[in-house]
Amino acid sequence: DAKTTQPNSMESNEEEPVHLPCNHSTISGTDYIHWYRQLPSQGPEYVIHGLTSNVNNRMASLAIAEDRKSSTLILHRATLRDAAVYYCPRGSARQLTFGSGTQLTVLP
Amino acid sequence: NAGVTQTPKFRILKIGQSMTLQCTQDMNHNYMYWYRQDPGMGLKLIYYSVGAGITDKGEVPNGYNVSRSTTEDFPLRLELAAPSQTSVYFCASSGQGAREQYFGPGTRLTVT
């Protein structure tokens, strides 16, 4: 069964970069790597996705290992509003399975 | 655009009652999804739909039913509510390619 592993929690100081890791132990060759986040009392929010190459958008960067068995979500300058649970769900785009994610705390 | 809207925001049901959770999207997305999120846990997929008239089971479909008669609407039906269905329910939609899912604000359901 495909599985992703993330640390339960991480801390960062405000305005510093944050690197959130995810291990994809059995990702299939055609599955994209997705990242979502969930702010307190809100629905999840799409952050970024990629297949093999590193990706950038206005919210974050995604670094994908060459063997695709791990990825890192990079927030270049964390703000207090980035405090959330970050998920790297496994599976195909139509059937994503979300684990417990990483609770990111941003310290002022 | 309102995006994905869900009603109601909160609901308390007694054991054995039934209800329908409403979900509507105005982005003309083909794909729609229902998830549940138990306290402190991640989301679990209940049902999904790839277009009007087509639905499929997700990871935890037991106790739920769905229909998709239009592109916009994807209601989730709970029959014979049980305490184990106490959860927050999220509806989501995505466009062609299904790469980015847009989530609604959720419905908090308590069954007592």
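What counts and what doesn't
- Every residue gets a number counted from 1 within its own chain, in the order that chain's sequence is written.
- To read the labels, note that chains go from A and ligands from 1, taken in the order they are written.
- Given that this is a predicted model, residues contribute local features only at a pLDDT of at least 70 and side-chain atom pairs are listed and counted only at 80 or more, while totals for whole chains, interfaces and linings are drawn from all residues.
- Note: side-chain values were computed over all heavy atoms of the structure, leaving out hydrogens and water.
- Each pair of strands is called paired provided DSSP finds at least two bridges between the two strands.
- Secondary structure elements are taken from DSSP: a helix is a run of H or I of four residues or more, a strand is a run of E of two residues or more, and numbering for both begins at the N terminus.
- Here, axes are lines fitted to C-alpha atoms. For helices the fit covers the stretch in contact, and angles between N-to-C directions go from 0 to 180 degrees.
- Any Lys or Arg side-chain nitrogen located within 4 Å of an Asp or Glu carboxyl oxygen qualifies as a salt bridge.
- Classification of ring pairs rests on two measures: the distance between centres of Phe, Tyr or Trp rings, Trp counted by its six-membered ring, which must be within 6.5 Å, and the angle between planes, read as stacked under 30 degrees, edge-to-face over 60 and tilted in between.
- Any residue under 20% of the maximum accessible area for its type is buried, any over 50% is exposed, and the rest in between are partly exposed; the area is computed with a 1.4 Å probe on protein chains only.
- Note on definitions: a residue-residue contact is assigned when non-hydrogen atoms from the two residues lie within 4.5 Å.
- As a working definition, buried area equals the accessible area (1.4 Å probe) given up by two parts on being put together, with both sides summed.
- Counting of polar contacts relies on pairs of N or O atoms within 3.5 Å, with two restrictions inside protein: one atom must be capable of donating a hydrogen and the other of accepting it, and residues adjacent in sequence are counted only when both atoms are side-chain atoms.
- Here the term charged refers only to Asp, Glu, Lys and Arg, the term nonpolar to Ala, Val, Leu, Ile, Met, Phe, Trp, Tyr, Cys and Pro, and the term polar to all other amino acids, Gly among them.
- Known as pLDDT, the predictor's per-residue confidence is scaled from 0 to 100.

Quick word on the sheet that holds strand β7 (residues 64-66) of chain B
Strand-to-strand pairing in sheets goes through backbone hydrogen bonds, with the strands running parallel or antiparallel.
All names here are of chain B.
Logical step 1: With respect to topology, four strands assemble into an open sheet ordered β1-β3-β8-β7, the strand pairing being antiparallel. Edge positions in the open sheet fall to β1 (4-7) and β7, since each of these has one partner strand only. When strand polarity is set aside, the average angle formed by the axes of neighbouring strands in this sheet is 20°.
Logical step 2: Of the strand pairs in this sheet, strand β3 (residues 19-25) and strand β8 (residues 76-78) are connected by three bridges, and their pairing is antiparallel. By the bridge assignment for β8, L21 is matched with L76.

Brief notes about the pattern of salt bridges
Logical step 1: Within the structure shown, the criterion is met by five salt bridges over all chains.
Logical step 2: Ionic contacts of the salt-bridge type, sharing partners, join the residues A:R37, A:E45 and A:D82 into one network.

Things to note about the packing of aromatic side chains
Residues and elements named next belong to chain A.
Logical step 1: Across all of its chains, the model carries nine aromatic pairs over all chains by this definition.
Logical step 2: For the ring pair Y87 and F98, a centre distance of 5.6 Å and an interplane angle of 80° mean the geometry is edge-to-face. With a gap of eleven residues between them, Y87 in strand β9 (residues 84-87) and F98 in the loop between β9 and β10 (102-107) connect regions that are remote in the sequence.
Logical step 3: By relative accessible area, Y87 is classed as buried at 2%.

Section: the interface of chain A and chain B
Logical step 1: With 18 residues of chain A at the contact, the number on the chain B side is 23 residues.
Logical step 2: Taken together, the two surfaces of chain A and chain B that pack against each other cover about 1,600 Å², and 53% of this comes from carbon and sulfur.
Logical step 3: The tally of links between chain A and chain B comes to zero salt bridges.
Logical step 4: Here chain A and chain B share four residue pairs in polar contact (both at pLDDT 80 or more) between them.
Logical step 5: Among the elements of the structure, β4 (33-38) and β5 (45-50) of chain A are those that each provide at least two residues to the side of chain A that touches chain B.
Logical step 6: A breakdown of the residues in the side of chain A that touches chain B according to their chemical character gives eight nonpolar, nine polar and one charged.

Description of the environment of A:Y46
Logical step 1: Structurally, the position occupied by A:Y46 is in strand β5.
Logical step 2: Residues contacting A:Y46, with those up to four places away along its chain left out, are A:W35, A:Y36, A:M59, B:R99, B:E100 and B:Q101.
Logical step 3: Among the polar contacts made by the side chain of A:Y46, one reaches the side chain of A:H49 at a distance of 2.6 Å.

A closer look at the confidence of the model for chain B
Logical step 1: Averaged over all residues, the pLDDT of chain B is 94; the fraction at 70 or higher stands at 100%.
Logical step 2: Looking at the elements of chain B, mean pLDDT is at its lowest for strand β5 (residues 43-51) of chain B, recorded as 94, and at its highest for β3(B), recorded as 98.

Section: the sheet that holds β9(A)
Residues and elements named next belong to chain A.
Logical step 1: Taken in spatial order, the five strands make up an open sheet running β2-β10-β9-β4-β5, and their pairing is mixed. Two strands close off the open sheet at either side, each with one partner strand: β2 (9-13) and β5. Across the sheet, the mean angle separating the axes of adjacent strands is 25° when strand polarity is ignored.
Logical step 2: As defined by bridge partners, β2 adjoins β10 across five bridges and the pair is classed as parallel. Its bridge partner being in β10, M10 is matched across the sheet by L104.

Topic: the pairing of strand β9 (residues 87-94) of chain B
Residue and element names in this part refer to chain B.
Logical step 1: Summarising burial for β9: eight of the eight residues are buried, a large majority.
Logical step 2: Burial of β9 is two-sided: the residues S87, Y89, C91 and S93 facing one way and the residues V88, F90, A92 and S94 facing the other way are all buried.
Logical step 3: Pairing of strand β4 (residues 31-37) with β9, which is carried by seven bridges, proceeds in the antiparallel orientation. Paired with M32 across the two strands is S93, which belongs to β9.

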